[in-house]
Amino acid sequence: MSNGTAESTFSPGPETSELSRNNPSAFLAQIAGAKVAVKLNSGVEYRGDLQCVDGYMNIALESTEEYVDGVLKNQYGDVFVRGNNVLYISSI
């Protein structure tokens, strides 16, 4: 992605790439359990293991770190993020 959004280090195969382009929910289901970065509208970023995402983009993370301005501020076990606060999700 070179349209100004964060680039993912996840390298999907041809079938996965086509699927994720047409259906982001399928892509997110495929990377469940993987490390992701979730950037909020406020600029805060959470990095952790993706557990699940629902149709409203509500997100559950485990082993989560909170970054503010790129600096680690806190570490949490479980984090639940309401979908309307999410700017983007990226695999790391």
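Residues numbered from 1 in each chain as written. Predicted model: local features only at pLDDT ≥ 70, side-chain atom pairs only at ≥ 80, totals over all residues. Heavy atoms only, no water.

Chemist: When you look at the sheet that holds strand β3 (residues 59–68) in this model, what are you seeing that I'm missing?
Modeler: In a beta sheet, neighbouring strands are held together by backbone hydrogen bonds and run either parallel or antiparallel to one another. Strand order in the open sheet formed by 5 strands is β4-β3-β2-β1-β5, with antiparallel pairing between adjacent strands. Across the chains shown, the open sheet's two edge strands, defined by having one partner strand only, are β4 (71–81) and β5 (86–91). On average, each strand axis in the sheet is inclined to that of its neighbour by 30 degrees, with strand direction left out of account. Examined bridge by bridge, β3 and β4 share 9 bridges and lie antiparallel to one another. Considered in β4, the bridge of Ala60 is made with Phe80. (Pairing = 2+ DSSP bridges. Helix = DSSP H or I, 4+ residues; strand = E, 2+ residues; numbered from the N terminus. Axes fitted to C-alpha atoms, helices over the stretch in contact; angles between N-to-C directions.)

Chemist: What's the story with the packing of aromatic side chains in this structure? I'm lost.
Modeler: For any pair of aromatic rings, the description consists of the separation of the ring centres together with the inter-plane angle of the planes. Considering all chains together, one arrives at 0 aromatic pairs under this definition. Positioned above the aromatic ring of Tyr67, the side-chain terminus of Arg47 is 3.9 Å from the ring centre. (Phe/Tyr/Trp six-rings, centres within 6.5 Å; stacked < 30°, edge-to-face > 60°. Lys NZ or Arg CZ within 6 Å of the ring centre and 35° of its normal.)

Chemist: When you look at the nonpolar core in this model, what are you seeing that I'm missing?
Modeler: Most often, soluble globular proteins keep nonpolar side chains buried together rather than apart. Membership of the largest hydrophobic core comes to 15 residues, with the highest contact counts inside it found for Val36, Val38, Ile59, Leu61 and Ile89. Counting residues per element, the ones that place at least two in this core are α2 (24–30), β1 (35–40), β2 (45–53), β3, β4 and β5. Residue contributions to this core peak at 3 residues, all from β1. In contact with Ile89, not counting residues within four places along its chain, are Leu28, Val36, Ala37, Val38, Met57 and Ile59. (Core = buried A, V, L, I, M, F, W, Y, C linked by side-chain atoms within 4.5 Å. Buried < 20%, exposed > 50% of the residue type's maximum accessible area, 1.4 Å probe, protein only. Contact = heavy atoms within 4.5 Å.)

Chemist: Help me out: how do you make sense of the environment of Val68 in this one?
Modeler: When you line up the elements, Val68 lands in strand β3. C-alpha separation for the pair Val68 and Val44, spaced 24 residues apart in sequence, amounts to 5.0 Å.

Chemist: What am I meant to see in the pattern of salt bridges here?
Modeler: Two side chains that carry opposite charge are able to pair once their charged atoms sit near each other. Summed over the entire model, instances satisfying the criterion amount to 2 salt bridges. Where Asp49 meets Lys35, a salt bridge forms, and the shortest distance between an N and an O atom there is 3.4 Å. On the criterion of sequence distance, the pair formed by Asp49 in strand β2 and Lys35 in strand β1 is long-range, its members being 14 residues apart. By relative accessible area, which is 18% here, Asp49 ends up buried. In this structure, the salt-bridge partner of Glu45 is Arg47, at a minimum N-O distance of 2.6 Å. The exposure class of Glu45 is buried, given its relative accessible area of 12%. With a relative accessible area of 30%, Arg47 lands in the partly exposed category. (Salt bridge = Lys/Arg side-chain N within 4 Å of Asp/Glu carboxyl O.)

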